[in-house]
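The chain contents come next:
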Amino acid sequence: MDPELEQLFVKQLKENQNIIHKICRLYTSGEDAHKDLFQEITIQLWKAFPKFRGDSKFSTWAYRVALNTAITLYRKSTRSVQTSSFDTTNHFIRQEEYNYEEEEQIKLLYNAVYQLNDIEKALIFMYLEDKDYQEISETLGISEVNARVKMNRIKTKLKKILNP
Amino acid sequence: MEELDLLKRDWNKGNSFEQVSEKDIYRMSHKKSSSIVKWLLAISIIEFAFWMLLTILLNDEKYEVKLQHYGLDQMMFWVNTINYAVLVSFIFFFYRNYRTISTTDSTHQLMKNILKTRKTVQYYIWYNLSIVFINVILTMVVTLYHNSAISSMLLQATNEGHRTFFLFKYTCMWILIVVLIIVLFWLFYKLLYGILLKKLFANYKELKKIDL
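Treat the numbers as computed from the prediction; the structure is a model and nothing was measured.

Caption draft 1: Local environment of the overall build of chain A. Helix and strand counts for chain A come out as nine helices and zero strands. Secondary structure elements of chain A, listed N to C terminal, follow the sequence α-α-α-α-α-α-α-α-α. Split into buried and exposed, the 164 residues of chain A put 36% on the buried side. Residue pairs in contact within chain A that sit at least 24 positions apart in sequence constitute 67% of those at least 6 positions apart.

Caption draft 2: Spotlight on the overall build of chain B. Secondary structure assignment for chain B yields eight helices and zero strands. Seen in sequence order, chain B has helices and strands lined up from the N terminus as α-α-α-α-α-α-α-α. Its C-alpha atoms give chain B a radius of gyration of 27 Å, clearly above 17 Å, the size a compact globule of 212 residues would have. Overall, the C-alpha framework of chain B stretches about 95 × 35 × 30 Å when taken along its three principal axes. A burial count over chain B gives 13% of its 212 residues as buried. Long-range pairs, those at least 24 residues apart, make up 64% of the contacts in chain B between residues at least 6 apart in sequence.

Caption draft 3: The arrangement of the interface of chain A and chain B in detail. Taken together, the 44 residues of chain A in the interface contact 39 residues of chain B. Only helix 1 (3-15), helix 2 (17-27), helix 3 (31-48), helix 4 (58-73), helix 6 (102-114), helix 7 (118-128), helix 8 (133-140) and helix 9 (144-162) of chain A provide two or more residues apiece to the side of chain A that touches chain B. Among the elements that line the side of chain A that touches chain B, the one with the most residues is helix 4 of chain A, at nine residues. For the side of chain A that touches chain B, the per-class residue count stands at 18 nonpolar, 15 polar and eleven charged.

Caption draft 4: Spotlight on the nonpolar core. Residues and elements named next belong to chain A. Within the largest apolar cluster, 55 residues are counted, with the highest numbers of intra-cluster contacts made by Ile23, Ala66, Leu67, Ala70 and Ala122. Per-element accounting of this core gives the leading share, nine residues, to helix 4. No fewer than three residues from each of domain 1 (1-76) and domain 2 (78-164) sit in this core. Excluding residues within four positions of it along the chain, Ala66 makes contact with Ile20, Ile23 and Ile41.

Caption draft 5: Layout of the packing of helix 8 of chain A against helix 9 of chain A. Residue and element names in this part refer to chain A. Packing of helix 8 against helix 9 leaves a shortest axis separation of 8 Å and a crossing angle of 100°. Taken together, the axes of helix 8 and helix 9 are roughly perpendicular relative to one another. Residues Tyr133, Gln134, Ile136, Ser137 and Leu140 of helix 8 form the contact with helix 9, whose own contacting residues are Glu144, Ala147 and Arg148. Tallied by class, the residues present in the contact of helix 8 with helix 9 amount to four nonpolar, two polar and two charged.

Here is what the cut-offs are and how they apply
- Every chain's residues receive numbers from 1 upward, in the order its sequence appears when written.
- Think of it this way: whatever chain is written first is A, whatever ligand is written first is 1, and the rest follow in order.
- pLDDT decides what is reported in this predicted model: residues at 70 or higher carry local features, side-chain atom pairs at 80 or more are listed and counted, and totals for whole chains, interfaces and linings draw on all residues regardless.
- Numbering goes from the N terminus for both helices and strands, where a helix is a DSSP run of H or I of at least four residues and a strand is a run of E of at least two.
- Around each residue's C-beta, the other C-beta atoms within 10 Å are counted; 20 or more make the residue buried, 12 or fewer make it exposed, and counts in between make it partly exposed. All C-beta atoms are placed from the backbone.
- C-beta atoms are placed from the backbone for every residue, and two residues are taken to be in contact when these atoms lie within 7 Å.
- Each radius of gyration is computed over the set of C-alpha atoms, and the globule rule expresses the reference value as 2.2 Å times the number of residues to the power 0.38.
- Three categories are distinguished: nonpolar for Ala, Val, Leu, Ile, Met, Phe, Trp, Tyr, Cys and Pro, charged for Asp, Glu, Lys and Arg, and polar for the others, with Gly belonging to the last.
- Connectivity within a nonpolar core runs through C-beta atoms within 7 Å, and the core itself is a set of buried Ala, Val, Leu, Ile, Met, Phe, Trp, Tyr and Cys residues.
- Domain limits in this description derive from either an automatic procedure or a database domain assignment.
- Throughout, an axis means a line fitted to C-alpha atoms (over the contacting stretch in the case of helices), and angles, computed between N-to-C directions, take values from 0 to 180 degrees.
- Each angle receives one of four descriptions, namely roughly parallel if under 35 degrees, roughly antiparallel if over 145, roughly perpendicular if within 65 to 115, and oblique otherwise.

In structure tokens form, the structure reads like this:
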């Protein structure tokens, strides 16, 4: 492999690693799973890097590959962990009385997002990253209208999870 | 939605993820992938090799002599030639589909490409199973007329007046064997790919549901 290309890749990924960490945070629970997915994404990014032409930003290109890896290629099942985190969330929600500290509420929100399915997580990720619907529809390969409709449904779903 | 705004604020703070060093990124990018595409590739190559080996192993000389004896050698030559041509095209299509799998495509396209690759292998297996089926039928007919034990049994049955019943029993036995083989293969693949592609299928369905 071209060492110069590799140096460039390593440097760019190091600078943009937070976006990958954010995806790992949404798709995994626990430090080990986070690291595992981060590694698989790195492998996929490096494999695809020779084709990266730079007509989009590195971060945009990287988050696409990362999302595709998390949704499509990643093999480790997190189902068992998911169940346990679901239970704790329910436990929290039952006690909820809208007078939580902000931090506690944020934790609840992350837990709620974690309960969404892989596709819904991708939509939430892009929403949080302020991507417009054109980019969302291109990334997932669905129509813009349907992406919009789905996003609204996810918001309703999240509301339901938070206020059962 | 108020809560989402709160989440977004926290999200944009870009909170403290443990930073990965350049050295670690370098090390990671050289690790072996455990992605399903890798598994799909490995399993497919094993499948191609398995069926190819079977074809080669079954093609022993004794068999050839026997075919010559039955006067089927001319036909078998063409069957084999076509068989190898089909095999080579399958490998070509499989490789081409595998090459088009790209993580930079849209999620929907990527899933489609992966499923297409698997379909190619699936067709290859069905093709092989049908060849097995045809072979069994041929063997059945050839044995009936050329195997001395079976043909004397047929003769005896004819003399005793239940030739049709004998042929019926004989055919049933062969069909049972073929069906058993196919069901076994089907179960095996269902299990193998079911486990491997469970998540992909679920997400593919979800994405299609959105786009209905």
